[in-house]
Structure formats: structure tokens, C-alpha cells
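So you can see what is in the structure, the chains are spelled out below.
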Amino acid sequence: STSGALLALLVGFCLTLAHYSFFFCLIAFFFTSSKATKYRQDIKSKIEDDFKEGGQRNWLQVLCNGGMATELALLYLLDVGSSDLPVDFRHNYRASWLGMGVMGAIACCNGDTWASELGTVLASEPRLITTLKKVPRGTNGGVSIAGLLASYFGGLLIGAAYWVGVFLSASSGDISRAPEQWKIVLVGGFGGLLGSLLDSLLGATLQYSGKDVKTGKIVEVARLGVSRISGKMILDNHSVNLISSILTALMLPKIALLCGL
């Protein structure tokens, strides 16, 4: 939508100003998540009650998906400046922490989008992450092997985008004394998988899922004619996306440090 495009422009400006790797991650997320959302829309329209043709995103969706990454990018600008540094916790701890936080937030969103948009149409019957019982496709908190693999590869793509940004923009001197940067790709994969699991856990417990007895579609609001599947009406989809991206952004720097970056 227009509001979503304007806010996405602001998000992109902040991320690009801080580090080119942030920009590459954002581009990879927007492009691939849009393609994933449009994949086999005919099936999704029969499953999801709130399905939107074309997968348009409004300002609230852009804020919840890009808010944490933007905040960390602004902190990067204030603390480090507009500087394209490699991930090196030994020599540039704060820059590396904030950089991995930004990548974690975006990897979480991309991994979750790939899992939900591709897993919904590729998997048969997912299982609820809290009980492992089979649930209808489109249920919040439902996981499948196809969805988990999709989330991991979605995160890998974000990690690869970050690595390309470092390779193209960081100075040869900074890269030579930094750890092997290819590990960023693997860390991105962990971020996508972790974000998807956190999103599923929140969705299964704090987000309502029910099945409309007339249409057979999955709905997120309890009302007459809806059979409850799981969760409570505490959070909506936007809130779940925001919280999972925040948690992943806070956890991924530690994972990167453990991986030797």
C-alpha cells in the first residue's frame, strides 16, 4: 500500500545510511518475501480468512517487521557512525553486536515469512509446536519439516546478503584482521530458524486460531460459528512478528559470538 511504501522508504534510508550490508539484507527480504507471499495464492485464499490478493503490506506490517532493525540501525549510526565494518567482535564489539542484531531481526522476518507462505502450501498437515498434534494448514503455531527448512534457507539468504555487503564495502585491512566472514551466512540461517520457532511458539499460545465451520477457513478472532483450535486472544499477528524479531535480534549476536565471529 502507499503507507507501507512510504514507511519502507524511510526504513531503507536508515539502514542504508548505517551499513550497506543492512541495505542488502532489507532488499533480499522485501524481494523474496514478496515472491513467497504471491506463491500459489489460489491455495492460500481457501485456507486463510484474512488473505489479501497480491500480499500488499500496510504501514503497520512494515513497522512490525522492520521496526527493530531500524532502531538498531539508528543506534549503530549514533554509536559507530556510517561505517561499513566486517563482523569482528574482538576488535569492533559494539558494531558487530548491533550488526548481528539488525541481521537477526531481518532474518527472523524472512525466515518466518518463508515458513508460513511456503510451508502452508507445500506441507500437508502441520503439527502444533506445543503439543505436536496435527492441526489444519494456516493454524498459528503449526510447524512442518518443509516450513522449518524454508525458514532456515530464508535466514541463510539474509546471511548471504549481509556477507556480500561486507565483501563489497568493508576495507581490505578490516577484513584481513577479522574472522572468516562466511560464517555470517550460517548465523543468518540460525536466525531464520530461531525466529520462525519463536513466532510459532508465540502464535500457538498467545494468538487465537479457530476454524470457521461454514467456510472452513482459519480465523484469528473468536466468534459464533468458529471452532477453537489453539491459543488465546492476547496478541495479533503484527504483535507476534514484532516480539519474535526483537527476541531474535537480541539472541543472534550471542550465537554469532559462539560461532567464532
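The residue numbers shown here count from 1 along each chain, following its written sequence. Local features in this predicted model are restricted to residues whose pLDDT is 70 or higher, and side-chain atom pairs enter the listing and the counts only when it is 80 or higher, whereas totals over whole chains, interfaces and linings include all residues. Working from all heavy atoms in the structure, the side-chain values ignore hydrogens and water.

Draft legend 1. Structural context of the environment of Ala-160. Helix numbering and strand numbering both begin at the N terminus, where a helix is a DSSP run of H or I of at least 4 residues and a strand a DSSP run of E of at least 2. Considering the arrangement of structural elements, one finds Ala-160 in helix H6 (residues 145-169). C-alpha of Ala-160 to C-alpha of Asn-92: the two residues are 68 residues apart in sequence and 21 Å apart in space.

Draft legend 2. A look at the side chain of Gln-181. In this structure, Gln-181 sits in the loop between helix H7 (172-177) and helix H8 (183-206). The cut-offs for exposure are 20% and 50% of the maximum accessible area for each residue type, with area from a 1.4 Å probe on protein chains only; residues under the lower value are buried, those over the upper are exposed, and the others partly exposed. Note on Gln-181: relative accessible area 7%, which makes it buried. It only takes one pair of heavy atoms within 4.5 Å for two residues to be counted as in contact. In this structure Gln-181 touches Pro-86, Val-87, Trp-163, Val-166 and Leu-261, once residues within four positions along its chain are discounted.

Draft legend 3. View of empty space enclosed by the protein. The rule is simple: put a 1 Å grid over the protein atoms alone, call a set of points where a 1.4 Å probe fits but cannot get out a cavity, call an open set with protein on both sides within 12 Å along at least five of seven lines a pocket, and count a residue as lining if it has an atom within 4 Å of a point. Grid points are joined across faces, edges and corners, and a volume is the space filled by probe spheres set on the points. In total, this model carries 2 cavities of 30 Å³ or more according to the counting rule given. Each pocket or cavity is described by its volume, and for the largest cavity that value is around 60 Å³. Around the largest cavity, the lining residues are Val-11, Leu-26, Phe-29, Phe-30, Val-62, Asn-65, Gly-66, Ala-69, Ile-106 and Cys-109. Looking at the lining of the largest cavity, the elements that each hand over two or more residues are helix H2 (20-38), helix H4 (59-79) and helix H5 (93-122). If one sorts the elements of the lining of the largest cavity by residue count, H4 sits on top with 4 residues. Grouping the constituent residues of the lining of the largest cavity by class yields 8 nonpolar, 2 polar and no charged. Lining the second largest cavity, in full, are His-19, Tyr-76, Leu-85, Pro-86, Val-87, Ala-95, Ser-96 and Tyr-162. The residue classification treats Ala, Val, Leu, Ile, Met, Phe, Trp, Tyr, Cys and Pro as nonpolar and Asp, Glu, Lys and Arg as charged. All others, Gly included, are polar. Partitioning the lining of the second largest cavity into residue classes produces 6 nonpolar, 2 polar and no charged.

Draft legend 4. Fine view of unusual backbone geometry. The phi torsion at Leu-132 lies on the positive side, around 65°, for a residue other than glycine. Tracing the sequence through the fold places Leu-132 in the loop between strand E1 (127-128) and strand E2 (142-143). By relative accessible area, which is 53% here, Leu-132 ends up exposed.

Draft legend 5. Seen up close, the sheet that holds strand E3 (residues 209-212). Should DSSP find at least two bridges between two strands, the strands are regarded as paired. Strand order in this open sheet of 3 strands is E4-E3-E5, and the pairing throughout is antiparallel. Edge positions in the open sheet fall to strand E4 (218-219) and strand E5 (226-230), since each of these has one partner strand only.

Draft legend 6. Inspection of the packing of H8 against helix H9 (residues 237-258) at higher detail. Angles shown run from 0 to 180 degrees and are taken between the N-to-C directions of axes, each axis being a line fitted to C-alpha atoms and, for helices, limited to the stretch in contact. Taken N-terminus to C-terminus, the directions of H8 and H9 make an angle of 145°; their axes are 9 Å apart at the nearest point. H9 is crossed by H8, and the crossing has right-handed handedness. Residues Val-187, Phe-190, Gly-191, Leu-194, Gly-195, Leu-198, Asp-199, Leu-202 and Gly-203 of H8 lie in contact with H9, whose contacting residues are Val-240, Asn-241, Ile-243, Ser-244, Leu-247, Thr-248, Met-251, Leu-252, Ile-255 and Ala-256. Looking at the contact of H8 with H9, its residues break down into 12 nonpolar, 6 polar and 1 charged. Take the far helix as your reference; a near helix turned counterclockwise from it by less than a right angle gives a left-handed crossing, and one turned clockwise gives a right-handed crossing.

Draft legend 7. Focus on the pattern of salt bridges. When a carboxyl oxygen of Asp or Glu lies within 4 Å of a side-chain nitrogen of Lys or Arg, that pair is called a salt bridge. Taken as a whole and assessed by the stated rule, the structure comprises 2 salt bridges. When the shortest N-O distance is used, the salt bridge between Arg-94 and Asp-79 registers 3.4 Å. Here Arg-94 is found in helix H5, whereas its partner Asp-79 is found in helix H4, with 15 residues between them in sequence. What makes Arg-94 exposed here is its relative accessible area of 56%.

Draft legend 8. Representation of the pairing of E3 in the model. As paired strands, E3 and E5 are joined by 4 bridges and run antiparallel to one another. When the bridges of E5 are listed, Ser-209 appears paired with Ser-230. Bridge analysis of E3 against E4 gives 2 bridges, and the strand direction is antiparallel. Bridge pairing links Lys-211 to Ile-218 in E4. Connecting E3 to the next strand, E4, in antiparallel fashion are 5 residues, including Gly-216 with a positive phi near 80°.

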